[in-house]
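Next come the chains, spelled out residue by residue.
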Amino acid sequence: MAMANPLSSSSFISPLIYPSKTKTPLLLLSSSFSSSSYPIISADQLSILSIGKSRIQRRGRRKSIIIVQSKGSNSADAPDRLISAICYFYPFFDGIQYGKYVITQFSPIQTLIQPLIPAIRVFKSFPFNGFLVFLTLYFVVVRNNNFSRYVRFNTMQAIVLDVLLIFPDLLERSFNPKDGFGLDLMMSFDSTVFLFLLVCLIYGSSSCLLGQVPRLPLVADAADRQVL
């Protein structure tokens with residue numbers, strides 16, 4: 001009597017899948033179904049299918065991710081912008097005396113400073129006004145968490161910039177030449193300090209009015225450490 005071939009497709013189907021680095025079969029099917037329903041899948045085809053599936057899954061995950069960005073210190077409403085912009089007038093008013101040479105020599109700067117003269121006179125009317133403004137800005141604004149970090153950071157930058165004015169003041173008190181090369185050097189130094197304050201005022205105030213975060217040289221890192 002003839003015996004059925006055990007390897008015939010009608011009685012035994014064995015689609016074996018071998019990976020590229022091993023000979024262990026990954027899939028073994030034994031059933032009475034025909035081999036046309038379950039074709040043998042090679043390792044290369046399986047690899048391609050796995051890569052395609054992983055890419056589809058990654059794309060699905062990317063679409064499902066929602067990126068949330070907090071405003072932080074990079075944006076502020078109109079009152080915050082206005083308060084921050086006004087704070088930069090404090091170091092400029094306190095160091096206006098360093099512009100005594102530049103203002104008298106350049107008429108465009110005189111025209112720029114002219115609208116600020118009444119406020120400068122009020123600021124300079126009392127000797128302790130600068131110190132009182134310093135205490136007010138530091139304890140009422142910087143140390144007050146009711147204000148946004150945007151306001152406190154810009155206020156702290158203005159305070160640190162004003163504190164730096166101690167060094168040119170000490171230099172002027174120590175070296176006060178009356179004429180010659182020493183006077184020319186002191187005039188250049190005072191003019192440089194004034195122009196630096198003017199640039200910081202224009203850059204800081206305009207950036208705040210636009211809702212941006214100005215980072216002044218020499219003072220931005222110090223202000224960051226003070227504002228928590």
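Preceding this paragraph is the structure being described.
Everything numeric here is computed off the predicted structure, so don't read it as measured data.

Novice: Let's hear about the overall build of the chain: which residues, and what values?
Specialist: Counting secondary structure elements, the chain contains eleven helices and zero strands. Per-residue burial for the chain yields a buried fraction of 29% across its 228 residues.

Novice: How would you summarise helix α2 (residues 78–87) if you had to cite specific residues and measurements?
Specialist: Among all positions of α2, only Asp80, Ser84, Ala85 and Cys87 are buried. Down the axis of α2, the sector holding all buried residues measures 155 degrees, keeping them to one side. The exposed set on the far side of α2, more than 90 degrees from its buried face, consists of Ala78 and Ile86. Buried residues along α2 sit against α3 (89–94), α7 (129–142), α8 (149–163) and α10 (180–209). A side-chain oxygen of the first residue of α2 lies 3.2 Å from the backbone nitrogen of aspartate 80; this N-cap is aspartate 77.

Novice: Describe the pattern of salt bridges, naming the residues involved and giving the relevant values.
Specialist: Using the criterion set out here, one finds seven salt bridges in the structure. Here glutamate 172 and lysine 100 are joined by a salt bridge, their closest N and O atoms 3.7 Å apart. Note that glutamate 172 is positioned in helix α9 (residues 166–174) and lysine 100 in helix α4 (residues 100–105), a separation of 72 residues in sequence. A salt bridge links aspartate 224 to arginine 149; the shortest N-O distance between them is 3.3 Å. Taken together, the residues aspartate 224 in helix α11 (residues 220–226) and arginine 149 in helix α8 connect sequence positions 75 residues apart. On the accessibility criterion, arginine 149 (28% relative accessible area) is partly exposed. A network of salt bridges, in which partner residues are shared, links Arg149, Arg215, Asp221 and Asp224.

Novice: So what's going on with the nonpolar core? Which residues, and what values?
Specialist: Membership of the largest hydrophobic core comes to 40 residues, with the highest contact counts inside it found for Phe92, Ile96, Ile113, Met156 and Phe194. It is α8 that contributes the most residues to this core, eight residues altogether. Discounting residues that sit within four places of it in the chain, phenylalanine 92 has contacts with Ile113, Leu116, Phe194, Leu197, Leu198 and Leu201.

Novice: How would you sum up the environment of isoleucine 83? Please name residues and give values.
Specialist: For isoleucine 83, the location among the structural elements is in helix α2. Given the relative accessible area of 31%, isoleucine 83 is considered partly exposed. A sequence separation of 58 residues divides isoleucine 83 from valine 141, and the C-alpha atoms of the two residues are 10.0 Å apart. Excluding residues within four positions of it along the chain, isoleucine 83 makes contact with Phe147 and Val151.

Novice: Residue-level account of the side chain of arginine 152, with values.
Specialist: By the element assignment, arginine 152 lies in helix α8. With residues near it in sequence (within four places) discarded, arginine 152 still touches Val141, Val142, Asn144, Asn145, Phe147, Val227 and Leu228.

Novice: Explain the packing of aromatic side chains to me, using residue names and the numbers behind them.
Specialist: Evaluated as defined, the whole model comprises nine aromatic pairs. Measuring from ring centre to ring centre gives 6.1 Å for phenylalanine 93 and phenylalanine 123, while their planes differ by 55 degrees; the resulting arrangement is tilted. Of this pair, phenylalanine 93 sits in helix α3 while phenylalanine 123 is found in helix α6 (residues 117–124), placing the two residues 30 residues apart along the sequence. Residue phenylalanine 93 shares its accessibility class with phenylalanine 123, and that shared class is buried. Each ring, one from phenylalanine 134 and one from tyrosine 138, has its centre 6.2 Å from the other, and the planes form 10 degrees; the classification is stacked. Taken together, the residues span about one helical turn, with phenylalanine 134 and tyrosine 138 both in helix α7 at a distance of four residues. Since its relative accessible area comes to 17%, tyrosine 138 is described here as buried. A network of ring pairs unites the aromatic residues Phe89, Tyr90, Phe92, Phe93, Phe123 and Phe194 as a single cluster.

Here is what the cut-offs are and how they apply
Residues numbered from 1 in each chain as written. Predicted model: local features only at pLDDT ≥ 70, side-chain atom pairs only at ≥ 80, totals over all residues. Heavy atoms only, no water. Helix = DSSP H or I, 4+ residues; strand = E, 2+ residues; numbered from the N terminus. Buried < 20%, exposed > 50% of the residue type's maximum accessible area, 1.4 Å probe, protein only. Arc of directions from axis to C-beta. Contact = heavy atoms within 4.5 Å. Polar contact = N/O pair within 3.5 Å; in protein donor to acceptor, adjacent residues only side chain to side chain. Salt bridge = Lys/Arg side-chain N within 4 Å of Asp/Glu carboxyl O. Core = buried A, V, L, I, M, F, W, Y, C linked by side-chain atoms within 4.5 Å. Phe/Tyr/Trp six-rings, centres within 6.5 Å; stacked < 30°, edge-to-face > 60°.

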